[in-house]
Every structure is written in structure tokens, then in C-alpha cells.
Amino acid sequence: PVVLPGTGNNIIINPNQRLNPVLECIRNVGKEFGDIVADFQVGRTTAVLYLSLKYHRLHPEYIHTRIERLGHAYNLRVLLIICDVSEHQEPIRELTKTCLINNITIMVAWSYDEAGLYLSTYKQFEYKPPDLIKERLDKDYNTILRTALTSINKVNKTDVETLRTSLGSFSDIATSSSDQLQNLPGFGQVKVRRIKDAFEKPFRNKA
Amino acid sequence: MTSLLPFHKEILEEIHDPSTSELLILARGLGLRRLLCTLMQIYESPQTLVLLVNASQEEESAIGEELGIMGCRKPGLRLVGYELGKKDRQELYKKGGLISVTSRILVVDMLQSDIPINLITGIIILHAERVTALSLEAFIVRLYREKNSAGFLKAFTDQPEHITSGMSPLKNIMKELQLRTVHIYPRFHETIKSTLESRKADVIELYQRLTEPMEDIHHAIVQCMTTTLSELKRSNTTLDLDDLNIESAYFRSFDMVVRRQLDPVWHKVGPKTKQLVSDLATLRQLLNYLLTYDSLSFHAYLEALVASNTINATGNARQHQSPWMLTDAANVIFQTAKRRCYTVTSAKRKSTAESSNADVLDDADAWDALYEAEGRQPPNAGNNQGKEARKAWLPDGIDPVLEELPKWDLLADILQEIEEEMIRQESLSTTVLGSNTVLIMASSTRSAALIREYLSSMDVSAPKGARGRKMMERKLKSHFWWKGRLATRKQDDGKGRPDISRNHSENRNKGNDSGSGSAEVSEALKRKDKARQDRSANRRRVRGGAPPAIAKHDSDFDTHYGLVPPQQTIIVRAYSDDVDDQVLWEVKPRFIVMFEPSLEFIRRIEVYKNSSPGLGVRVYFMIYQLSCEEHKYLAGLRREKESFERLIKERGSMLLPIFQTQTSGKGENTFIKTISSRFAGGRKELSTTPPQVIVDMREFRSTLPSLLHASSLLIIPATLTVGDYVLTPDICVERKSIPDLVSSFNSGRLYTQCELMSVHYKQPILLIEFEENKSFSLETVSELKSYAKPSSKYPSKKPAGPSDTDRAAPSVQSKLVLLTLHFPRVRIIWSSSPYATTDIFNDLKANNYEPDSARAVAIGAEDDPEAGAGVNAAAEELLRCLPGITAKNVKYVMSKVQSVRELCEMSNEQVQEILGVGPGKACWEFMHKGEKSRSAT
């Protein structure tokens with residue numbers, strides 16, 4: 001029974017995907033079959049084409065006919081690739097080019113589980129604001145300190161702990177001398193130099 | 001400078017010819033630096049342009065100095081760092097001479113034709129063992145050979161152990177450097193052997209046993225390593241891990257071997273294996289620290305380790321602890337390490353404390369009497385107070401044990417013996433070469449500092465094993481303070497213990513003059529007293545760490561502020577690279593103590609001894625018996641020999657690569673492309689410019705630019721504000737390696753970058769680049785920086801409904817989804833390796849217009865007055881992490897402030913002026929949190 005795409009909270013699935021093992025892996029969202037051009041419609045303006053590289057190897061022309069039929073519909077068009085062959089470099093290169101021309105974004109998954117995750121996440125995040133990936137300020141002191149100091153090459157979390165406990169605040173660390181740093185357990189010359197470079201070398205040269 | 005030995009001359013004769021190019025592999029410690037400097041001295045002239053590449057900062061300055069000593073002063077070796085502007089560099093290259101350049105800068109200069117490549121006389125490459133197909137040095141050589149086939153290229157290395165991985169490692173290096181000749185000089189080379197073995201140094205080997213607790217810990221650590229290793233093997237039965245054994249695990253290269261085995265399946269192995277691999281590294285470090293750190297630092301390090309392992313970033317208990325930490329052996333490690341420092345008794349020890357106090361008082365009385373007899377004022381009368389105070393800080397119920405490293409006693413004995421020997425030789429009054437300075441060599445600057453501290457506060461009269469008591473007590477005091485700070489983490493509000501902390505900070509800042517100064521006085525007096533009876537007791541001062549208090553008593557200025565005569569000095573140094581040769585030669589010691597074994601240094605002594613005939617050198621060689629130190633030393637010897645043998649064998653059977661000139665093929669290629677009218681019916685104008693890519697300066701840290709160049713694209717370096725690569729006027733690419741991707745999702749930087757790209761370019765692209773030979777899968781991501789999120793594995797974790805996502809940290813996959821939803825125009829390139837990226841880039845560039853570099857630089861840089869200048873990436877990265885600093889204002893901050901340190905030193909108001917009130921306050925408070933408790937009291 002083919003129904004017209006509704007407006008509800010379900011992922012609309014093209015009936016030709018009926019035997020796709022990915023369907024089992026789409027969890028936490030509703031599913032319904034519907035007459036659509038794409039393989040999955042995961043939002044009002046978002047559509048997904050599905051392609052397994054194994055299949056692509058056998059029928060290289062298939063995906064092009066699908067893309068052609070898609071035309072200019074949808075705002076965000078995704079090609080979900082299942083990378084299930086070991087010789088992936090060549091097909092991915094070729095598909096990248098095709099998709100760039102046709103305004104399609106590629107997502108690569110390595111297992112059905114992961115592909116299912118992508119599909120259900122697209123639906124769940126349909127109206128989600130981008131706060132998750134924007135810069136945030138509401139982190140606690142220790143986390144920021146850790147991220148800041150570990151951004152310096154060679155500094156690990158044990159070192160952060162040592163720095164915090166033996167020197168004190170961030171500015172104490174910034175103003176401490178090389179000798180002082182060198183005397184901390186676990187600090188060698190290279191690490192100390194890296195830290196000094198990050199803290200004391202000027203941001204820009206004068207040129 | 002020293003005279004060159006016969007084998008040095010032989011090598012120089014082989015390699016000095018400026019018309020040939022070759023690779024020299026020399027055993028470590030045989031004076032590579034000296035050879036290099038002699039060679040550079042030969043080449044130095046204003047008519048030549050010789051570049052030194054791949055030298056570290058220390059090496060650059062040391063080579064420059066040595067050249068100066070040898071007489072190359074006008075102008076000698078000049079250094080090019082990123083601080084030097086573009087114009088100045090061009091000037092410098094034009095003037096010629098010897099120039100040391102950082103690889104990254106040289107690549108950019110070569111690409112921008114700031115350096116006349118065809119006029120380069122030659123390039124000298126250090127650390128040739130690090131050259132791979134992907135390294136910048138290979139890129140440099142390729143650029144160099146494209147335009148200059150006449151110049152020489154001399155590559156040097158003294159690390160044969162590094163040239164062992166892969167099928168034919170030597171050939172690969174030579175192929176990348178485009179060399180056809182290699183000279184190999186191991187220690188067992190005939191000429192070297194005959195030279196060095198004619199005169200041998202007088203070596204005394206001292207085998208010191210570990211103390212019982214140390215032995216226990218040593219044993220327990222090895223046991224932990226064994227269990228960890230067998231656990232690793234058991235959990236990865238499919239892998240061929242049989243050749244991994246506990247002996248090889250002592251070396252740092254072991255990590256690389258394991259990673260290389262596991263990399264292709266790294267995404268499958270699960271967090272447990274990953275934990276095990278990193279545990280092995282930690283344990284190896286512990287072994288090393290056990291032998292070199294004093295008992296308190298070792299204990300402190302263990303405690304920090306436990307603290308960072310049991311608590312995750314958010315302060316909750318961590319789920320996946322390192323398995324070794326839960327074993328019995330680990331318990332032995334922790335308990336014994338603690339027992340080496342102090343024991344905790346529950347009973348109050350009032351009586352003993354009192355009795356010891358009485359002792360102290362008695363002592364003090366005796367001192368007073370002594371002072372009176374000498375007719376002088378007792379020094380600052382704080383003697384007994386100081387001693388009582390020292391007892392006061394000791395918490396109740398704690399008995400200090402303060403075990404000392406057994407080598408310290410041995411060292412004291414050796415110094416005694418050396419003194420006696422010196423006196424004996426003096427009485428013989430024959431003229432002896434060399435100075436009486438004693439040179440002590442240790443493995444790290446840290447242990448050198450420790451020895452220095454020990455010697456300067458050593459109590460000669462104390463029984464064995466307690467001579468460094470004073471120093472240890474001082475350390476114990478600061479240890480308790482430190483423990484207080486470690487504990488505050490759990491309470492989280494930085495109240496701490498202000499009285500102790502202030503006490504300590506004074507102590508730390510002023511070194512040891514206030515609290516321990518009085519103690520020093522008595523010690524100095526004791527020593528002085530002894531000197532009367534025994535003239536040798538006061539002979540030695542330690543250079544650098546001389547106790548300051550001695551000077552107080554004597555009226556004679558010269559004896560204390562004048563120069564210390566060389567026979568009384570002891571120099572403590574850490575092993576470093578070839579600088580040691582220079583030290584030996586300048587100091588000319590007759591007595592050398594090797595506190596820790598070092599293969600290279602023994603050879604240096606051999607060379608030193610042989611190049612100064614008539615000098616009698618005595619070497620004391622200390623090693624812990626039956627420890628990993630001994631084993632490491634012997635295995636190191638064996639490894640070096642084996643790798644040399646392998647290299648010689650490979651040289652014998654090597655097929656020499658033929659280097660084709662690339663230029664012919666390239667011209668043809670572009671020609672075909674230009675006249676092709678197949679696409680768009682020849683609508684485009686013919687472009688005669690070769691295909692080009694604009695690359696951000698910062699990207700030269702990665703391997704991609706080199707590979708792009710190899711695929712015959714023209715690379716144009718520029719400082720870009722938006723994007724990393726500009727392929728065509730419309731296509732802009734932001735490259736992210738996997739760790740980058742995770743961190744820039746976390747910091748929110750990627751969002752801003754995509755925002756900017758979308759505004760300025762029609763085709764914004766995010767390139768996700770995986771690494772060559774590593775698994776091509778995003779699941780690897782779950783372990784990277786795993787402390788940032790709970791480390792449950794992927795299938796079980798689902799970003800459940802919107803209400804739950806705040807609780808469970810979302811995966812990279814779901815963040816990617818969110819990114820594409822918000823930037824439907826951003827395309828993603830999934831590239832399994834930089835090689836694959838090159839192919840894709842070439843594909844995308846085909847039949848498109850070439851980008852314009854001036855336009856690319858200007859895009860997005862409107863508000864930045866200094867667009868195009870060089871950038872200190874590490875500092876910028878650090879700055880970005882601070883609260884209150886966003887991608888939007890970071891540029892502005894960098895133009896206002898010189899360095900992070902400067903920002904830290906600003907007042908609250910100044911910071912607020914730059915960042916605005918709210919963010920400025922947040923930033924300032926972040927930087928100064930933790931010290932509040934101290935300034936408040």
C-alpha cells in the first residue's frame with residue numbers, strides 16, 4: 001500500500017528499499033513507506049539516496065539514473081554510502097566529483113548500524129538548533145584548563161594535573177620559568193620548550 | 001678546537017667534495033658535530049649559499065657557536081626563524097654564506113621563489129633518518145633538484161636504529177633524498193677501532209644494588225608490564241604479537257612497533273586494548289623514574305597518576321581504569337613507594353618528638369658555645385626556632401623515612417676518593433694535563449639538578465643513607481603542601497590550606513634562604529670545623545648550587561666572591577647531544593663520573609682521550625645492578641650493532657634507484673589539457689598557466705602540500721583567513737584530520753569556519769582526511785581524546801531523543817549530521833589518505849579556472865590589519881581555548897596582545913577593555929583561578 005508522503009514525524013522510505021538491511025537498524029524514529037523520488041526522506045527538505053559500494057561496483061550506472069531522477073528537488077540532498085569494499089579509493093573519488101556537480105553531500109558509513117544511526121539522527125535533528133557544534137562558554141574550570149593545556153603538543157592529562165597542583169593558576173603556569181617546569185615530575189626538555197613556545201612566543205612576527 | 005682524529009680525516013676526505021652528494025651514517029658519540037662544522041667551515045664563503053636543514057633550535061645555536069670558535073665569524077652561520085620577515089630573508093639569501101633554515105620556511109620560500117634555487121651551492125640535511133616520502137625534507141629535495149642539478153646534498157644521521165622499519169629502509173631514504181652514495185661508519189669500523197683502541201681511558205665500573213624497597217617496586221613494575229603485555233596478546237590473538245617481549249618493552253620504540261601492528265585494525269580492538277598499549281608506556285616511564293627520581297618525587301608522580309586515572313574530566317569516577325592499577329603488584333608499588341617516604345602510625349608520638357626536640361636544643365647550645373669560643377655573634381639566632389618549626393609542619397602520626405637513592409652515597413664516596421687522588425698527585429708534583437674539575441654526568445637535567453642539590457646540602461658526617469636528609473626533609477615539606485593542593489580538587493573550591501601554601505610559596509620563590517638558610521649555616525659551620533682537622537673536607541664547592549650562607553662568616557672577600565679554583569669545582573650536567581664533546585674539551589676533566597650509563601658518552605670520552613694525548617682520564621661508571629638500567633644499556637649496545645649490520649647488508653644488495661627528470665613529462669601534460677576542446681565545446685579561453693592550488697601557510701605542517709606538488713600541481717603558499725586550500729575561484733577546502741575534526745567540533749571552531757566558507761565561496765568543502773595505513777573508518781574516533789566523553793562503545797550508545805542528548809555526549813557522526821543540516825551547501829570529501837586527496841583535488845580542478853591568490857588572501861581578512869603575516873600556531877591554539885575568546889575576536893586579541901603570557905599578566909580591567917566586560921571577566925577569572933586563595937590570605 002503506497003501512501004503519499006505525510007507531514008508527520010516518520011522517516012518516509014521508498015518502497016524499493018523494502019529489503020534493505022539498514023531498515024532494521026533505524027531505531028528511535030517512526031518509519032513509513034511512501035512514494036518519493038529519493039530513497040529516504042528524513043525531513044521536509046532533506047532526502048537521502050542510499051548506495052552500497054558493492055552494488056555500485058556491479059551497476060555503476062545505477063546511481064546516476066537515481067541522481068538524474070532526483071532533479072533539483074530538496075534542499076539538502078545526501079548520498080549515504082556504505083563502504084563495504086576494500087578498494088574504496090577509486091569509487092569514492094568518482095562519486096565525490098559527481099556529487100559536487102549535482103549538489104549532493106556525501107556521508108560514508110562503514111556498517112549498517114552506522115548507516116541507520118545517520119538516518120535516524122537526520123530525522124531527530126531536523127529542527128535542532130546548532131548549539132551543539134557552536135562555541136560554548138558554559139564549561140567548568142577543570143575541563144577548560146584541560147582542553148587549553150592539552151592543546152599544546154606533548155602535554156597530557158597527567159601533566160595538566162601536575163601543573164595545576166604544583167604551580168596553581170593558569171597565569172602562574174604562564175609566568176613560571178623553564179627551570180621550574182623542568183623540575184616537575186614527568187617534564188622533559190622537549191615538553192618544557194613546547195609549553196614555553198606556546199605561552200611566550202609572540203603570536204605574529206613583525207613582517 | 002680539538003684536533004681531528006685519523007678516522008675523522010678519512011671521513012672528511014670521502015665527503016668533502018662539493019660536486020658529489022651522499023649520505024653519512026656515523027655511530028653516535030663519534031663527533032658528528034665536529035665533522036659537520038669542519039665541513040661547513042670548508043664551504044663557507046660569500047660566493048656560496050649553503051643551507052642547513054632539519055636542525056633543532058639547540059643544534060642550530062650550538063653549531064653556530066662551534067663555527068664561531070673555529071673562526072667562521074664573518075658572518076658565520078645565520079639562523080632563519082619565523083620571526084624573520086620575508087624581505088629580510090630575501091636579502092639574507094642573496095648575501096650567501098651559511099644559513100640554517102627551518103624546513104617549513106624553506107619550503108615556502110622555495111615555492112614563492114624568495115630563494116634563488118638555481119644559485120644554491122648545496123644543502124646539508126641533518127637527521128636524515130627522519131626523512132620519509134611524506135616529510136617536508138623530501139619535498140625540499142624535490143623542489144631543489146627540479147631547478148638545480150649541480151649543487152650538492154649531504155645528509156647526515158647518527159641514529160642507525162631508526163633506519164630499520166619496512167622492507168628496505170635505507171633505500172627509501174636515499175630515494176627520497178635522491179642520493180646514490182652512502183657511507184656507513186659504525187664503531188666497529190676498522191679505522192675507528194684502530195684509532196680509538198690505541199689509548200684507553202681508565203674506567204672503573206661500579207655496580208650498585210638497589211635498596212630493598214626499590215627492588216620490590218622494580219620487580220612489581222616489571223610484573224605489571226608482563227601482565228599488561230600478556231593481556232594485550234590474549235585480547236588480540238589474531239595478531240602476530242609473538243615478537244613483543246618484556247625486554248623490548250623497555251624501549252620507547254616499542255610503542256611504535258605495537259602501534260604499527262595494531263593500526264590497520266585499530267578501530268576494531270576496543271578501548272581495552274588501547275588502554276593496555278598506553279599503560280605499557282606509562283609503566284616504562286615509571287621504571288625510569290624509579291631509578292632517577294628521589295623517593296618523594298616518585299611517590300608524588302604516582303599519586304598524580306592515580307588521581308588523573310580515577311577521576312575523569314567532569315570529576316566523576318572513571319569507568320575504565322587501567323587494569324594494572326588493580327593488581328596486587330600495583331598495590332605493592334603504591335605502598336612501597338609511600339613507605340620509602342614516610343610511614344603513618346596511628347599513635348601520637350609526643351614523647352619521641354619531645355626527645356628529638358631536646359636533642360636539637362642540646363645541639364643548639366653546643367653551637368652557641370662554639371660561637372663564643374670563636375668570638376663571633378651567633379647567626380640570626382633563629383637556629384633552634386628553625387629546627388622546631390621544621391618539626392611543626394610535620395602532620396601528626398607521620399614518621400618520615402625518606403629513603404635516599406643508593407647512588408648518592410656511592411657518589412659521595414667517589415668524590416672522596418677523587419679528592420684523595422688529587423692530593424696524592426699534587427704531592428707527587430708532576431705536571432699533569434687537564435684540570436681537576438670533576439665532571440658528573442646524569443641522564444636528564446632533572447636528575448642533574450637533584451645531584452646538584454644533594455651535593456650542596458650533603459652532610460658529610462652523617463651515616464650512609466642519611467647524608468641527604470636535609471634536602472629530603474625540605475622536599476617532604478613541599479610535598480605535603482602539594483598534597484594539600486591535590487586534595488582540593490575533590491572539594492573543588494580552592495580554599496586549600498592557605499597557611500601552608502603561603503609558607504611554601506615563600507620557600508619556593510626565595511630558594512632556600514629563609515627557612516632553610518639557618519640550617520645551612522650550621523651545616524657550613526660544621527664543615528668548617530671539620531676542615532681544620534682534615535684539610536680535604538672543605539675542598540669542594542659545587543658550581544651553581546653553592547650554599548649561599550657560607551659567605552656570612554668570613555671577612556675575606558676574595559675567598560668567597562672570587563673565582564673558585566678549578567680543583568674545587570664539580571660540574572653536574574645532563575647528557576645531551578654533541579655539545580658534550582665541546583664541554584669535555586673546554587673543561588678538560590681528568591675525573592668523570594657517569595651517574596647513569598650512556599653509550600654515546602663513553603665514545604665521547606674515547607674520542608676526547610684520544611685527541612688529547614698524555615691526558616690520564618679516569619671514569620667512574622655507575623649502574624644499578626640487575627635493573628632495567630643495566631639491561632637497557634646492554635640491549636642498546638646490541639641494538640645499535642645489529643642495525644648497523646643490517647644497513648651494511650642492505651647497502652651490499654641495494655638496487656640503486658634511477659632518478660628521472662620530471663620536467664619533460666609535465667610540460668606535455670599541461671599542453672594536452674590546454675588545447676582540449678572536448679569540454680564545453682572549447683568555450684573557455686586557453687589558459688597557459690599550469691594548474692595551481694593556493695595553500696594556507698599553516699597547512700605546511702601536514703603532508704598534503706608535498707603530495708600535491710608531486711602530482712604536478714603548482715603550490716602557492718599564502719596566509720588564508722578562510723579555508724585551507726583554494727582549488728578554483730569557487731572551491732574552497734577546509735582540511736580536517738580525525739583528531740582535528742573531533743577537537744574543532746568540541747570547540748565550535750568548525751561551525752565558524754563553515755559559516756565563513758559559505759559566505760565567501762560558492763562551493764565550500766570539508767575534507768575529512770584519514771591517515772595512510774590506518775583504518776578508514778570513523779569508529780576510530782570513539783577513543784580519541786576519550787576523556788572528553790564517556791567511553792562506552794558506539795553501538796550501545798545512541799543519541800536518543802532530544803531530551804537525552806544533553807546527558808550523553810553525542811558522537812562525531814551526529815555532529816556531522818547537524819553540520820550538514822545547517823550548512824546544506826557544504827560538501828564533504830571522505831579521503832582515506834593524503835594520496836587519495838591528491839587524486840580528488842586533481843579531479844576537481846580539471847577544466848576549471850585557476851584561483852587568484854591575491855583575492856584568496858583578501859577574503860575574510862578585511863578586519864585584520866596584518867593579513868599575510870606569519871603565525872605562531874601553538875600559541876593561537878592555546879589562546880582559542882581560553883574562555884571569552886571566540887573565533888571572531890581571536891584575530892583582534894592577537895593584534896592587541898603579543899603573547900599568551902602578556903595576556904596573563906594584564907589586570908582585570910585591561911582584559912575587559914580588549915574582550916568586553918563579560919567575556920573579559922570570564923577570561924581573567926579563568927586565568928587567575930587557583931591563586932586567589934593565596935593572594936587573599
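Residue numbers run consecutively from 1 along every chain, following the written order of its sequence. Think of it this way: whatever chain is written first is A, whatever ligand is written first is 1, and the rest follow in order. For this predicted model, a pLDDT threshold of at least 70 governs which residues receive local features, and a threshold of 80 or more governs which side-chain atom pairs are given and counted, while totals over whole chains, interfaces and linings are taken from all residues. Water and hydrogen atoms play no part in the side-chain values, which are based on all heavy atoms of the structure.

Brief notes about the interface of chain A and chain B
How large an interface is tends to be reported as the accessible area lost when its parts come together. With 88 residues of chain A at the interface, the matching set in chain B holds 112 residues. Put simply, buried area is how much 1.4 Å-probe accessible surface two parts lose in total, over both of them, once they are put together. Taken together, both faces of the contact between chain A and chain B bury some 9100 Å²; the carbon and sulfur share is 58%. A per-residue breakdown of the area chain A buries against chain B is headed by A:Ile133, A:Phe203 and A:Arg204, which together make up 11% of the total. Any carboxyl oxygen of Asp or Glu within 4 Å of a side-chain nitrogen of Lys or Arg constitutes a salt bridge here. Where chain A packs against chain B, one counts three salt bridges. N or O atoms within 3.5 Å of each other form a polar contact, as long as, within protein, one can give a hydrogen and the other can take it, and as long as residues adjacent in sequence are counted only when both atoms are side-chain atoms. Counting the contacts that link chain A with chain B gives 17 residue pairs in polar contact (both at pLDDT 80 or more). At the level of secondary structure, the elements contributing two or more residues to the side of chain A that touches chain B comprise α4 (89–101), β6 (105–109), α5 (112–124), α6 (141–150), α7 (157–167), α8 (170–175), α9 (178–182) and α10 (189–200) of chain A. For the side of chain A that touches chain B, the leading source of residues is α6(A), giving 10 residues. Gly is put with the polar residues, along with every residue not named as nonpolar or charged; the nonpolar set is Ala, Val, Leu, Ile, Met, Phe, Trp, Tyr, Cys and Pro, and the charged set is Asp, Glu, Lys and Arg. The class makeup of the residues in the side of chain A that touches chain B is 36 nonpolar, 30 polar and 22 charged. Only heavy atoms matter for contacts: two residues are in contact if any of them lie within 4.5 Å across the pair. Helix and strand definitions here come from DSSP, where helices need a minimum of 4 consecutive H or I residues and strands a minimum of 2 consecutive E residues; each element is numbered from the N-terminal end.

Structural notes on the sheet that holds strand β1 (residues 22–26) of chain B
Residues and elements named next belong to chain B. Any two strands between which DSSP finds at least two bridges are classified as paired. In space, the seven strands of this open sheet follow the order β3-β4-β2-β5-β6-β1-β7, with parallel pairing throughout. Each end of this open sheet is capped by a strand with a single partner; those strands are β3 (77–80) and β7 (182–185). Taken pair by pair, the neighbouring strands of this sheet meet at an average axis angle of 20 degrees, ignoring direction. Here strand β2 (residues 49–53) pairs with strand β4 (residues 97–101) via five bridges, running parallel. Bridging from a neighbouring strand, Leu-51 pairs with Ile-99 of β4. Structural elements are reduced to axes, namely lines fitted to C-alpha atoms, with helices fitted over the stretch in contact, and the angle between N-to-C directions of any two is expressed from 0 to 180 degrees.

So, the pattern of salt bridges
Residues and elements named next belong to chain B. Within the structure shown, the criterion is met by 39 salt bridges over all chains. A salt bridge links Asp-696 to Arg-698; the shortest N-O distance between them is 3.1 Å. Whether a residue is buried, partly exposed or exposed follows from its accessible area with a 1.4 Å probe, protein chains only, as a fraction of its type maximum: under 20%, in between, or over 50%, in that order. Of the residues examined, Asp-696 reaches a relative accessible area of 3% and is grouped as buried. Because the salt bridges share partners, they merge into one network encompassing Asp-202, Glu-417, Glu-421, Arg-424 and Arg-618.

Considerations on the pairing of strand β1 (residues 10–13) of chain A
In this sheet, strand β2 (residues 30–33) of chain A lies alongside β1(A) in parallel orientation, the contact comprising four bridges. Considered in β2(A), the bridge of A:Ile11 is made with A:Lys31.

Let's talk about the packing of helix α9 (residues 212–235) of chain B against helix α13 (residues 328–341) of chain B
Residues and elements named next belong to chain B. At a minimum axis distance of 8 Å, the contact between α9 and α13 shows a crossing angle of 155 degrees. By the angle class used here, α9 and α13 are roughly antiparallel. As α9 packs across α13, the resulting crossing turns out to be left-handed. Judged by residue contacts, Pro-213, Met-214, Asp-216, Ile-217, Ala-220, Ile-221, Gln-223 and Cys-224 of α9 engage Ala-329, Ala-330, Val-332, Ile-333, Thr-336, Ala-337 and Arg-340 from α13. Its residues placed into classes, the contact of α9 with α13 shows 11 nonpolar, two polar and two charged. When describing relative orientation, an angle under 35 degrees is termed roughly parallel and one over 145 degrees roughly antiparallel, while 65 to 115 degrees is termed roughly perpendicular and anything else oblique. In a left-handed crossing the near helix is turned counterclockwise from the far helix by less than a right angle, and in a right-handed crossing that turn is clockwise.

Topic: α4(A)
Every α-helix winds through 3.6 residues per turn, so residues three or four apart in the chain are directed the same way. Residue and element names in this part refer to chain A. Helix span, expected: 1.5 Å multiplied by one less than the number of residues in the helix. Taking 1.5 Å per residue, 13 residues should reach 18 Å; α4 reaches 19 Å between its end C-alpha atoms and fits that length. Along α4, the positions that sit buried rather than exposed are Pro-91, Ile-92, Arg-93, Leu-95, Thr-96, Thr-98, Cys-99 and Leu-100. Directly beyond the C-terminal end of α4, a positive phi value near 60 degrees is found at Asn-103.

Examining the packing of aromatic side chains
Residue and element names in this part refer to chain B. Two aromatic rings, drawn from Phe, Tyr or Trp (for Trp, its six-membered ring), form a pair once their centres lie within 6.5 Å of each other, and the interplanar angle then sorts them: stacked below 30 degrees, edge-to-face above 60, tilted otherwise. Scanning the model with the defined rule gives 17 aromatic pairs over all chains in all. Note on Tyr-289 and Tyr-293: the rings are 4.3 Å apart at their centroids and 15 degrees apart in plane angle, and the pair reads as stacked. Like Tyr-293, Tyr-289 is buried. Here, over-ring charges are defined by two tests on the NZ atom of lysine or the CZ atom of arginine: distance to the ring centre within 6 Å, and angle to the ring normal within 35 degrees. Sitting above the plane of the Phe-595 ring, Lys-407 keeps its charged end 5.3 Å from the centroid.

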